[in-house]
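# Observations on the three-dimensional arrangement
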Amino acid sequence: MSLVFLNGEWCPIEDAKISVLDRGFIFGDGVYEVIPVYRRRPYREPQHLARLQYSLNGVRIANPYSNEDWSRHIQQIIERHSFEDQAVYIQVTRGVAPRNHPFPEAIAPTVFMMSNPLKRPSSEQVEHGVRAVSMEDQRWLHCDYKTTALLGNVLACQYAVDHQAIEVVQFRNGLLTEASSSNVMIVQDGCILAPQKNHLILHGITMNGVEEVAHRIEVPFEYTDISEEAVRTADEVWLTSSAKEVVAITTLDDKAVGTGKPGAVFKRIYTALQDDIAGYVAS
Ligand code: PMP
């Protein structure tokens, strides 16, 4: 039995109920975060809470809690679960009101939190990399807000599944955006290139983490426009996310990326990121 947090109360997940008029259900009118927890310690929590605030600002929902309150709730949900490595899910919707598009006046947001075991990449995925397929990005134009309206991402992810791949690499107007639930970056001549942090991609906490560790171990890292051609001729292509950490795409559209094996730069960054997580857990 898993305990969840709903509007300030803790209850078994089976007993957690919301109204069918919740705007999250009716309109996908809400935002969310997923915070990875290693050995019971939330990793990069301040960055996740800052992005939650950014998403809430973007869709104009008032943050129901201070960061101190969020921290306390996150700590409590971690303590209520037996597994060491967790994925803490936070969702805030605009709340419950008769169905009508404009914002209702003076309603309380619905706040939901749950925790699941953190699914880290398998050693097979780390050693051999993964398959991805490309597609045109068909999502809306505010992918920088982490909203629960994820139909575009769901359809993209299913496209990958239908093509025996684990992710999509999406392009918009000839430029790389991201995957369905991960960021995408490439390596060209020893330099890590990530797409510009604009409204077309989620500003991934793991992408920032890769930037940070790249500086630490002196691997060049740059945010820039990345053409489809650059992706297709890259030495390495990677996925990053809180759950995937960093994994190499070794097959894109049935063609080998680079040598077809995770590359030398991947190995250095993978190790540096694992060291960062281990250092954080030990600190
Ligand atoms: N892009 C999308 C669309 C995502 O859903 C995610 C998170 N799963 C990411 C990128 C990666 O973000 P993060 O590193 O913060 O998990």
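Everything numeric in this text was worked out from a predicted model, so none of it was measured.

Another aspect to go through is the sheet that holds strand 1 (residues 3-6). Pairing in this open sheet of six strands is antiparallel, and the strands run 2-1-6-5-3-4 from one edge to the other. The open sheet has two free edges, formed respectively by strand 2 (9-12) and strand 4 (41-42), since each of these has just one partner strand. Direction of pairing for strand 3 (residues 30-38) relative to strand 5 (residues 86-93): antiparallel, over a ladder of eight bridges. Counterpart to Glu-33 in the pairing with strand 5 is Ile-90.

Moving on, we come to empty space enclosed by the protein. By the definition in use, this model includes two cavities of 30 Å³ or more. Reported here for the largest cavity is a volume of approximately 90 Å³. Looking at which element gives the most residues to the lining of the largest cavity, the answer is helix 6 (residues 205-216), with three residues. Of the domains in this structure, domain 1 (3-117) and domain 2 (123-282) are the two that each give at least three residues to the lining of the largest cavity. Counted as a void, the second largest cavity has a volume near 30 Å³. Contributing to the lining of the second largest cavity are Asp-235, Glu-236, Val-237, Ala-248, Ile-249, Thr-250, Val-257, Lys-261, Pro-262 and Gly-263. At the level of elements, strand 13 (236-241) and strand 14 (245-252) are the ones that each hand at least two residues to the lining of the second largest cavity. Of all the elements, strand 14 adds the most residues to the lining of the second largest cavity, at three residues.

Within strand 13, six of the six residues are buried, which leaves it mostly tucked inside the rest of the structure. What you see with strand 13 is no split at all: Glu-236, Trp-238 and Thr-240 on one side and Val-237, Leu-239 and Ser-241 on the other are buried throughout. Across five bridges, the pairing between strand 10 (residues 183-188) and strand 13 is antiparallel. Within the sheet, the bridge partner assigned to Ile-186 lies in strand 13 and is Val-237. As defined by bridge partners, strand 13 adjoins strand 14 across five bridges and the pair is classed as antiparallel. Each residue of the ladder has a partner; that of Leu-239, found in strand 14, is Val-247.

Parameters at a glance
Residues numbered from 1 in each chain as written. Predicted model: local features only at pLDDT ≥ 70, side-chain atom pairs only at ≥ 80, totals over all residues. Heavy atoms only, no water. Pairing = 2+ DSSP bridges. Helix = DSSP H or I, 4+ residues; strand = E, 2+ residues; numbered from the N terminus. 1 Å grid on protein atoms, 1.4 Å probe; cavity = no way out; pocket = protein on both sides within 12 Å on 5 of 7 lines; lining within 4 Å. Points joined across faces, edges and corners; volume = space filled by probe spheres on them. Domains from an automatic or database assignment. Buried < 20%, exposed > 50% of the residue type's maximum accessible area, 1.4 Å probe, protein only.

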